[in-house]
Amino acid sequence: MATQTPVHAVLDQTSTTPPRRLVLEVLHDWIATVDHKKIGLMYIGYALIFLVVAGLEAILIRIQLAVPNNHFVSPQTFNRLFTMHGTTMVFFVGMPILFGFGNYLIPLMIGARDMAFPRLNAFSFWISAFGGTLLYFSYLGGDGLYGAGSAPDVGWWAYAPLTAHAFSPGHSTDYWTLAVLLSGIGTIGTALNIVATILCMRCPGMKLGRMPLFAWLYLVMSMLVFVTVSPLTAAQIMLMLDRYLGSHFFDTQAGGSAVLWMHFFWIFGHPEVYVLILPAFAYANEIIPVFSRKAIFGYPAMVAASVGIGFISLSVWAHHMFTVGMGAGANAFFTLATMVIGVPTGIKIFNWLATIWGGKVHFTVAMMFAVGFLFQFLIAGLTGIMLSAAPLDWQLGNSYFVVAHFHFVLVGAILFMLFSAFYYWFPKMTGRMLSERIGKWHFWIFLIGFHLTFDLMHIPGLLGMPRRIYTYEADRGWAMWNMLISSGGFIQAIGTLLFVYNMIWSYFKGAVAGADPWDAWTLEWSTTSPPPDYNFAKIPTVESRRPLWDLKHPEDPDSNYE
């Protein structure tokens, strides 16, 4: 039975340098591991590889659209590119990298030695990794509509009837279906593990009301995964039955419904946005207070807003379907629900601003990305409220305005907070500091490229440029805007390359981090950097939401005020 000790005793741990081992030994350790930290790092590394791949696909798309009547890639290749880019970014970058941070940090933050189900954790990672590999094997094995090897070309949402055999012969769509199905199995397994770990493995003294907001956000996110990934999994099975066993769920000519697929997909697809953004909120909840030198403003309100977002997000999916003719009643309901979800989201923004207000702000690179996230997420929310109005959405629903909106969420909010999280927790994971000098170059270059691309992308959308088009005529008034948008994409690529260089250089030559380089307050900073296999030699006991503050300031502990 593990003994218990106050948190300050954990700081006395020291790490030892293991002897050099053969490459095959190291490889075996990583492949066979059930250590949550190694699995978390594998999730992150796997996602970063696919981030590079999806980024290259985006660059090819932007080269094709940079000038009118361009033929840089064929129409068939263009369809494959935007299908693979969207599928990769959502299922094989966004989900794995967020689960990677959760895997690594949640046991450390709640004072546990591992996840609740270590073998399930390893299984979930490998099944998800196999799904991503299977998706890209389609380039070799997915004989498609045009006779050659083909990746999926039906869009990342795979609307019926594009997925029917008549329009998607061969196996390219089957690779997409199986890859997403496997990803869903791994996702549900990891979500189950996170819920069990948070609810059952907190250290002594850590009541739900003392739990880091990071853990609260991941708890809500994992609950959402149960509800939203299951309909998507069911839809994939129904699609396979349609394609191979003669059922007609989505075959309109045989009494099925193409709109049924849209409901199944978007009841996953829009809550999925919150599945991705809630972990970004989690990072902001930890990073902004530390670099503002203030406790988070309104902890109970932040918890309530997080839970509220989880519930309301399940009632907004059909705002993606205003143009299919659902009727005035349905349109009104989903318009109202989409606007209402802005209330708990607004509470979070005000609480982050209140945390910064009056604080002694340290503009490290992590904090700079967090501040960028606040501004850009606000813009994304405002354009989302615009699109929640059914008449306006009717005009803009399939235009580049929508593409700009959701990239403000996915890149301007989620990716910016991921960069912030890397700069904040990289020292804990590696024992080395990322270069602040290179990081500031990374921030400003990426920020300029982002706004050049996605601010301006709203304009061709307002001018009527449809999304998912291969090329366009020169007289439409879109040419200058598309050239600028594509230029911004290349600037973002330069910023990303700087980030990759920073990680590689810092891993080998960065300054030694120490256990707590940021003077932070949560339990992961009480152990060595990187942590030992067992996390804590003795299980800590906490008495407040900021246990390390209590240790460092025994004359004024938080427990006096909670």
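Relevant structure appears above.
Residues numbered from 1 in each chain as written. Predicted model: local features only at pLDDT ≥ 70, side-chain atom pairs only at ≥ 80, totals over all residues. Heavy atoms only, no water.

Engineer: When you look at the packing of aromatic side chains in this model, what are you seeing that I'm missing?
Structural biologist: Any aromatic ring pair is given by two values, namely how distant the centres are and how the planes are angled relative to each other. Applying the stated criterion across every chain yields a total of 59 aromatic pairs. Where Phe422 meets Phe499, the ring centres are 5.3 Å apart and the plane angle is 65°; that geometry is what we call edge-to-face. With a gap of 77 residues between them, Phe422 in helix α14 (residues 400-430) and Phe499 in helix α16 (residues 479-509) connect regions that are remote in the sequence. Residue Phe422 is classed as buried on the basis of its relative accessible area of 5%. Judged by centre distance (5.3 Å) and plane angle (70°), the ring pair of Tyr424 and Trp525 falls under edge-to-face. Within this pair, whereas Tyr424 is found in helix α14, its partner Trp525 is found in the loop between α16 and β2 (539-541), the two being separated by 101 residues in sequence. (Phe/Tyr/Trp six-rings, centres within 6.5 Å; stacked < 30°, edge-to-face > 60°. Helix = DSSP H or I, 4+ residues; strand = E, 2+ residues; numbered from the N terminus. Buried < 20%, exposed > 50% of the residue type's maximum accessible area, 1.4 Å probe, protein only.)

Engineer: Whenever I open this one, empty space enclosed by the protein confuses me. Can you help?
Structural biologist: Where empty space is left in the structure can be found by rolling a water-sized probe over the atoms. The tally for this structure, following the rule as stated, stands at 3 cavities of 30 Å³ or more. Along its surface, the largest cavity is lined by 15 residues, and Met89, Val93, Gly94, Leu410 and Ile414 are the ones closest to its centre. For the lining of the largest cavity, the secondary structure elements donating two or more residues are α3 (36-65), α4 (75-110) and α14. At 7 residues, the largest contribution of residues to the lining of the largest cavity is made by α14. When the residues that make up the lining of the largest cavity are grouped by side-chain class, the tally is 14 nonpolar, 1 polar and no charged. (1 Å grid on protein atoms, 1.4 Å probe; cavity = no way out; pocket = protein on both sides within 12 Å on 5 of 7 lines; lining within 4 Å. Points joined across faces, edges and corners; volume = space filled by probe spheres on them. Nonpolar A, V, L, I, M, F, W, Y, C, P; charged D, E, K, R; others polar.)

Engineer: Before we go on, may I ask you to explain the packing of helix α12 (residues 365-388) against α14 in this structure?
Structural biologist: In a pair of packed helices, the angle between the axes and the distance between the axes together describe the arrangement. At their nearest, the axes of α12 and α14 sit 8 Å apart, and the two run at 160° to each other. With respect to α14, the element α12 is oriented roughly antiparallel. Crossing of α12 against α14: the hand is left-handed. Taken together, the residues of the contact of α12 with α14 break down into 20 nonpolar, 7 polar and no charged. (Axes fitted to C-alpha atoms, helices over the stretch in contact; angles between N-to-C directions. Parallel < 35°, antiparallel > 145°, perpendicular 65-115°, else oblique. Left-handed = near helix turned anticlockwise from the far one by under 90°.)

Engineer: What is the right way to read a nonpolar patch on the surface from this model?
Structural biologist: Together, Leu24, Leu27, Ile31 and Trp126 make up an exposed nonpolar region whose accessible area comes to about 420 Å². Top contributing element to the nonpolar patch by residue count: helix α2 (residues 23-32), with 3 residues. (Patch = residues over 30% accessible without salt bridge, like charges linked within 9 Å, V, L, I, M, F, W, Y side chains within 5 Å. Areas by Shrake-Rupley, 256 points an atom, 1.4 Å probe, with all protein chains shown as cover. Salt bridge = Lys/Arg side-chain N within 4 Å of Asp/Glu carboxyl O.)

Engineer: Quick question: what am I supposed to make of unusual backbone geometry here?
Structural biologist: Cis peptide bonds are those with omega within 30 degrees of zero, and the linkage from Ala160 to Pro161 qualifies with 5°. As for its position among the elements, Pro161 is in the loop between α5 (118-141) and α6 (172-200). A cis amide bond links Ser529 with the next residue in sequence, Pro530, at an omega value of -5°. Within the fold, Pro530 resides in the loop between α16 and β2. With a phi angle near 55°, Arg293 is a residue other than glycine that sits in the positive phi range. Among the secondary structure elements, Arg293 is positioned in the loop between α8 (258-292) and α9 (299-312).

Engineer: How do you make sense of helix α10 (residues 328-340) when you look at a structure like this?
Structural biologist: Structural remark: α-helix, 3.6 residues per turn; residues separated by three or four positions point the same way. Over its 13 residues, α10 extends 18 Å from the first C-alpha to the last, a length consistent with the 18 Å expected when each residue adds 1.5 Å. Of the positions making up α10, those classed as buried are Asn331, Phe334, Thr335, Ala337 and Thr338. Around the axis of α10, the buried residues are gathered within 165° of arc, so they sit on the same side. Exposed and oriented more than 90 degrees from the buried face of α10 are Ala328, Gly329 and Leu336. Contacts made by the buried residues of α10 are with α9, α11 (342-356), α12 and α13 (390-396). (Expected span 1.5 Å × (residues − 1). Arc of directions from axis to C-beta. Contact = heavy atoms within 4.5 Å.)

Engineer: Can you walk me through the environment of Met367 in this structure?
Structural biologist: Secondary-structure assignment places Met367 in helix α12. Residue class for Met367 comes out buried when judged on its relative accessible area of 0%. Spatially, the C-alpha atom of Met367 lies 8.8 Å from that of Ser292, the residues being 75 residues apart in sequence. Contacts of Met367, omitting those with residues within four sequence positions, involve Ile288, Phe291, Ser292, Ile356, Val361 and His362.

Engineer: In this structure, what is going on with the pattern of salt bridges? I would like to understand it.
Structural biologist: Opposite charge on two side chains makes pairing possible when the charged atoms of those side chains draw close. Applying the stated rule across the entire model yields 7 salt bridges. A salt bridge links Lys552 to Asp519; the nearest nitrogen and oxygen atoms lie 2.8 Å apart. Remark: Asp519 occurs in the loop between α16 and β2 and Lys552 occurs in helix α17 (residues 547-552); sequence separation between them is 33 residues. Lys552 sits in the partly exposed class, given a relative accessible area of 31%. Note that Asp558 and Arg546 form a salt bridge whose closest N and O atoms lie 2.6 Å from each other. Taken together, the positions of Asp558 in the segment after α17 and Arg546 in the loop between β2 and α17 put the pair 12 residues apart, joining distant regions of the chain. Classification of Arg546 by relative accessible area gives buried; the value is 12%. Salt bridges here are not isolated pairs; linked through shared partners, they connect Arg293, Asp516, Asp519 and Lys552.

Engineer: What is the right way to read the environment of Thr364 from this model?
Structural biologist: Locating Thr364 in the fold gives a position in the loop between α11 and α12. Under the relative-accessibility criterion, Thr364 is labelled buried at 13%. Remark: the alpha-carbon pair of Thr364 and Glu436, spanning 72 residues in sequence, is separated by 7.2 Å. Once residues within four sequence positions are removed from consideration, Thr364 is found in contact with Phe291, Glu436 and Trp518.

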